[in-house]
Amino acid sequence: METLIYDKLDKKRVKCQICRHFCVIKDGERGICRVRENRGGRLYSLVYPKVIATSIDPIEKKPLFHLKPGSSSYSIATVGCNFKCTFCQNANIAQMPGDYNDLIQGKDFSPVAIVKDAVKTGCDSISYTYTEPTVFFELAFETAKLAKDQGLSNVFVTNGFMSTKLLEMASPYLDAANVDLKAFNDKFYQTYCKARLEPVKENIKTMKDMGILVEITTLLIPGLNDDRDEIQAMAEYIANDLGCETPWHISRFHPCYHMMDRPVTPVPALEKAYKAGKAAGLRYVYIGNVPGLSSENTYCHSCNELLVRRAGYQVETYLQEQGKCPECDTIAYGIY
């Protein structure tokens, strides 16, 4: 399928407008994501509609804690990513084209069929996840429009490096996004992700301004992005620039892919980050990937009443109509 957003240049070159890399691609070559190819001066998606993964997940697995807690989300992905994270947790599919000589795998699964299956299985939303939805935007976009017509919500689980044009196209159909804020220094992004921090910050703000429900996730990697001052600055940025209602998920790192030399994140480091978030004024801070911690529960920011109890993916909600606290009627941030 021909890419939805790109510019034609001279000498059959094209400039991709899908993400903030803005790759200029010569005839016969591919962009950084390795799933968009210039063929004779036209840019084509190589992953439409080749779905590599489907699953029915708890919405909490995304993680999204403020979009219909306890509901199921129909999750899809193609291969490819526009980041090259050395700690990629889904490298077998996200990094497949780059690691295996431009290999593209997946089975044809049309937007109509995806939405039909989501409705049939009783899901409340469709999540474009596991890899970066930006790189399979054509499939996500067509699916999202049909999903919206069927009353389903649409979710991006994303690194937040998409172009403004893409966000403008997606926003009428995109209900929620969990954005990975991988660190709060540009050197980390350049070294470990082959990307930049500032476009991610700009896009998160744009999503919030568009009325998209945004939750933030930070994978805390020992010795790389867990500096106390950096964590404090990140927490203050979320609270002050994005809003104190913005949920922040602090997730435990486990060694994987090209980062096997780092230890698992110590629980005390996660708890310090949690306290930094609360000290900055964030209403909803969660610790992830640590079974048994009560820090995955949601409490009323006004009276501290328990609103949602979580034990793994077992969810018990006490929220009233439209997300009201049963004790004081304060409305919790989110879609309920």
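Rules and cut-offs
- Residues numbered from 1 in each chain as written.
- Predicted model: local features only at pLDDT ≥ 70, side-chain atom pairs only at ≥ 80, totals over all residues.
- Heavy atoms only, no water.
- Core = buried A, V, L, I, M, F, W, Y, C linked by side-chain atoms within 4.5 Å.
- Buried < 20%, exposed > 50% of the residue type's maximum accessible area, 1.4 Å probe, protein only.
- Helix = DSSP H or I, 4+ residues; strand = E, 2+ residues; numbered from the N terminus.
- Contact = heavy atoms within 4.5 Å.
- Pairing = 2+ DSSP bridges.
- Phe/Tyr/Trp six-rings, centres within 6.5 Å; stacked < 30°, edge-to-face > 60°.
- Arc of directions from axis to C-beta.

J.: Help me understand the nonpolar core, please; the structure alone is not making it clear to me.
T.: The tendency in soluble globular proteins is for nonpolar side chains to be buried side by side. F87, I126, F156, L181, I204, I216 and W248 are the most contacted members of the largest nonpolar core, which has 85 residues in total. In terms of residue count, helix α8 (residues 228-242) provides more of this core than any other element does, seven residues in total. With near-sequence residues (within four places) excluded, L181 lies in contact with Y189, L197, V200, I204, I216, T217, T218, M234 and Y237. If you look at the next biggest cluster of nonpolar residues, it comprises 17 residues, including V157, A176, L213 and A332.

J.: Can you walk me through the sheet that holds strand β2 (residues 14-16) in this structure?
T.: Remark on secondary structure: sheet strands pair via backbone hydrogen bonds, oriented parallel or antiparallel. If you trace the three strands from one edge of the open sheet to the other, you get β1-β2-β3, paired in antiparallel fashion. The open sheet has two free edges, formed respectively by β1 (6-8) and β3 (24-25), since each of these has just one partner strand. Sheet topology places β1 next to β2; three bridges connect them, and they run antiparallel. The partner of D7 across the bridge, within β2, is K15.

J.: Looking at this structure, how should I read the packing of aromatic side chains?
T.: The geometry of an aromatic ring pair is captured by two quantities: the separation of the ring centres and the angle between the planes. Summed over all chains, the structure comprises ten aromatic pairs. When the ring of F65 is compared with that of Y286, the centres are 4.6 Å apart and the planes differ by 70°; the resulting orientation is edge-to-face. Pair noted here: F65 is in the loop between β7 (53-58) and β8 (72-77) and Y286 is in strand β15 (residues 285-288), with a separation of 221 residues, a long-range link. Looking at Y286, the relative accessible area reads 1%, which means it is buried.

J.: Looking at this model, I keep getting lost on the pairing of strand β17 (residues 306-311). Mind explaining?
T.: With two bridges joining them, strand β16 (residues 298-299) and β17 adopt antiparallel strand pairing. For T298, the partnering residue across the bridge sits in β17 and is V308. What sits between the antiparallel neighbours β16 and β17 is a turn of six residues, in which N304 has the positive phi angle 70°. In terms of strand pairing, β17 meets strand β18 (residues 314-317) through four bridges, oriented antiparallel. Bridge pairing in β18 places R309 opposite E316.

J.: How should I be thinking about the side chain of T3 in this particular structure?
T.: Along the polypeptide, T3 turns up in the segment before β1. T3 sits in the buried class, given a relative accessible area of 5%. The contacts of T3, once residues within four sequence positions are left out, are I18, R36, L43, Y44, S45 and E138.

J.: Looking at this model, I keep getting lost on helix α6 (residues 186-193). Mind explaining?
T.: Given 3.6 residues to a turn, an α-helix orients residues that are three or four positions apart in the same direction. Within the sequence span of α6, burial applies to F188, Y189 and C193. Buried positions in α6, seen along its axis, are confined to an arc of 100° and lie on one side of it. Lining the buried residues of α6 we find β12 (176-180) and α7 (198-209). Within two residues after α6, K194 carries a phi angle of roughly 60°, on the positive side.

J.: Where do I start with unusual backbone geometry in this structure?
T.: Negative phi values dominate among residues other than glycine, just as trans dominates among peptide bonds. The omega torsion across Y48 and P49 is -10°, close enough to zero to call that bond cis. Residue position: P49 is located in the loop between β5 (42-45) and β6 (50-51). At the junction of K62 and P63, the peptide bond is cis and its omega measures out at -5° in the coordinates. Its location among the elements puts P63 in the loop between β7 and β8. Although it is not a glycine, N101 sits at a positive phi angle of roughly 50°.

J.: Please clarify how the environment of I5 should be interpreted in this entry.
T.: Tracing the backbone through its elements, the reader meets I5 in the segment before β1. On the basis of relative accessible area, I5 is assigned to the buried category, the value being 6%. Separated by 133 residues in the primary sequence, I5 and E138 place their C-alpha atoms 9.4 Å from one another. Excluding anything up to four places from it in sequence, I5 contacts C16, Q17, I18, F137, K165, L166 and M169.

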